[in-house]
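Tertiary structure, described
Below are the chains, spelled out letter by letter.
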Amino acid sequence: MKNFYSLVIVFFIVLNIQAQAIYKTIDSERLGEKRELKIQLPRNYDPDEKRSYPLIIVLDGDYLFEPVAGNIDYQSYWEDIPDCIVVGVNQADTRSNDLFYDTESYFPKDSGAQFYEFISAELLPYIEKNYKASNFRIIFGHDLSANFINYFLFKDNPLFRAYVAFSPELAPEMGTRLQQRLSEMTQEVFYYMATSDADIKTLRASTLETNALISTIENDKLLYKFDDFEDANHYALVGRGIPKALNEIFGLFKPINAKEYKEKLLPYEGLSFDYLIKKYEDIEHFYGFEKKLIENDIRAIAAASNKKEDLESLEKLAKLVKKEFPDSMLGAYYLGMYYEKEGNYKKALLQYKGGLLLQPSQSVDKEVMLEKMYDAEEALNN
């Protein structure tokens, strides 16, 4: 089993090579030294584009960056999560100093306080100045660094919206402090924590105890997820936790799946098209960036419109698709479908014929368009 998880991590490392990996060294006044960074940009990153991307900061970047960045690259390729900017902070030679906290207050002190200031006052501004990072920020940590990420929660305006803590080596009182702080959050915050049956015993015990405390919180602004993995040690649990954490954090962003289609889209009382618009508006409001219309969601809305005989939605969807994808067959395909449902086979046929000159999409190609064209011709002649 350990070999299996090693292979999974190697897979994501190899996959990550496909993305744009950048290695930077920045001078830090707070630390009084240079610090190495690993930066992964989205595959189609364009600095001149208007769009911005969620920012993911990975502490312990020496070993945690590659599996996180690989997962991001893989899931964003399939449009399950948005494209993200991933930044790993190397700490191999400075880890104990970076993560140092006071033995009385249990908050960062001396070198730990300097590292905290490096992240908040130097690293984040540096990334935002040089790359198209949005205000939706996520931070990852493992054991000692999983404890350190919590300190950013205690600012009046927390720097991060999502926190991922793998087998945290928590400072004394951190569990009760987390319970209190998370219970009083007034803005949505994601918190993910994980341990495993073969985790280090002391860390597993404190993590389970902290989970029990956080689980009592009644605050609809807190989106909390906890995992206790089987057959995974202190290191293997990370490989299993990364995709689970991302799945939770970007749950709202995900394409419309069979469950959402059946339980939310079909029973929706308004127009199916309105459901789509609201979903995308909610994503922009929640994450702070726009989601580009994707083909999976177009198909879902079209299917619901057909099932509910909602021609108005089908027409609005077709016009939106034509606007968003002017060079694609998609607009002609769905506008033709609308005219067919309306009974206007002549207009449907014109759309399908015109669509043959455009670019194919994931699900609509010349073969599909020809089939629709023949169906429309047959209906027109009968």
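Residues numbered from 1 in each chain as written. Predicted model: local features only at pLDDT ≥ 70, side-chain atom pairs only at ≥ 80, totals over all residues. Heavy atoms only, no water.

1. As for the environment of S111
With respect to the helices and strands, S111 occurs in helix α4 (residues 111–130). For S111, the residues in contact, after removing those within four places along its chain, are N97, D98 and F100. (Helix = DSSP H or I, 4+ residues; strand = E, 2+ residues; numbered from the N terminus. Contact = heavy atoms within 4.5 Å.)

2. Things to note about the packing of aromatic side chains
Any two aromatic rings considered together are summarised by their centre-to-centre distance and by the angle between their planes. For the coordinates displayed, the defined rule picks out 27 aromatic pairs. Centroid distance Y191 to Y224: 6.4 Å. Interplanar angle 35°. Geometry classified as tilted. Here the residue Y191 occupies a position in strand β7 (residues 189–198), and Y224 occupies one in strand β8 (residues 222–233), the gap between them amounting to 33 residues. On the accessibility criterion, Y191 (1% relative accessible area) is buried. Directly above the aromatic system of F286 lies the positively charged group of R161, at a separation of 5.5 Å from the ring centroid. Cation over ring: K291 sits above F253, and NZ or CZ is 4.5 Å from the ring centre. (Phe/Tyr/Trp six-rings, centres within 6.5 Å; stacked < 30°, edge-to-face > 60°. Buried < 20%, exposed > 50% of the residue type's maximum accessible area, 1.4 Å probe, protein only. Lys NZ or Arg CZ within 6 Å of the ring centre and 35° of its normal.)

3. Focus on the confidence of the model for the chain
In this model, the chain carries a mean pLDDT of 93, and residues with pLDDT of at least 70 account for 95%. Across residues 1–17, confidence stays below pLDDT 50; counting only partners more than four residues off in sequence or on other chains, it has 22 contacts. (pLDDT = per-residue confidence, 0-100.)

4. Topic: the pairing of β7
A large share of β7 lies buried, amounting to eight of its ten residues. With five bridges connecting them, strand β6 (residues 162–166) and β7 associate as parallel partners. Looking across to β7, one finds that A165 is bridged to M193. Crossover handedness for the path β6 to helix α6 (residues 174–183) to β7: right-handed. In this structure, β7 lies alongside β8, joined through nine bridges in parallel fashion. Residue pairing across strands places M193 opposite F226, the latter belonging to β8. Between the parallel elements β7 and β8, the chain passes through helix α7 (residues 201–214) in a crossover that is right-handed. (Pairing = 2+ DSSP bridges. Right-handed = clockwise from strand over helix to strand, strands pointing away.)

5. Let's talk about the pairing of β6
Within β6, five of the five residues are buried, which leaves the element mostly enclosed by the surrounding structure. Of the two faces of β6, the one holding A162, V164 and F166 and the one holding Y163 and A165 are both buried throughout. One ladder, built from five bridges, connects strand β5 (residues 133–142) with β6; its direction is parallel. Looking at β6, one finds that H142 is bridged to F166.

6. Comments concerning the packing of α6 against α7
At a minimum axis distance of 9 Å, the contact between α6 and α7 shows a crossing angle of 25°. Here α6 lies roughly parallel to α7, going by the angle between them. Pair α6 / α7 crosses with right-handed handedness. Contact residues: G175, T176, L178, Q179 and L182 in α6; T210, L213 and I214 in α7. For the contact of α6 with α7, the per-class residue count stands at four nonpolar, four polar and no charged. (Axes fitted to C-alpha atoms, helices over the stretch in contact; angles between N-to-C directions. Parallel < 35°, antiparallel > 145°, perpendicular 65-115°, else oblique. Left-handed = near helix turned anticlockwise from the far one by under 90°. Nonpolar A, V, L, I, M, F, W, Y, C, P; charged D, E, K, R; others polar.)

7. Description of a negative patch on the surface
Together, D365, E367, E371, D375 and E378 make up a negatively charged patch on the protein surface. By the secondary structure assignment, E378 is in helix α15 (residues 366–381). (Patch = residues over 30% accessible without salt bridge, like charges linked within 9 Å, V, L, I, M, F, W, Y side chains within 5 Å. Areas by Shrake-Rupley, 256 points an atom, 1.4 Å probe, with all protein chains shown as cover. Salt bridge = Lys/Arg side-chain N within 4 Å of Asp/Glu carboxyl O. Lys, Arg positive; Asp, Glu negative; His and termini not counted. Charge placed at Lys NZ, Arg CZ, Asp CG, Glu CD.)

8. As for unusual backbone geometry
One non-glycine residue with positive phi stands out, namely E79, at about 65°. With respect to the helices, strands and loops of the structure, E79 is situated in the loop between α2 (61–77) and β4 (85–89). Under the relative-accessibility criterion, E79 is labelled partly exposed at 28%. In this model, D110 sits at a positive phi of 50°, which is unusual for a non-glycine residue. Here D110 lies in the loop between α3 (95–98) and α4. Its relative accessible area of 48% is what places D110 among the partly exposed residues.

9. Structural notes on the nonpolar core
Residues I57, I85, L182 and Y191 are the most contacted members of the largest nonpolar core, which totals 48 residues. For this core, the leading source of residues is α4, giving seven residues. If sequence neighbours within four positions are ignored, I85 has contacts with I39, Q40, L41, P42, Y45, Y53, P54, L55, I56, Y131, K132 and A133. Within the second largest apolar cluster, 35 residues are counted, among which are L265, A302, A332 and L349. (Core = buried A, V, L, I, M, F, W, Y, C linked by side-chain atoms within 4.5 Å.)

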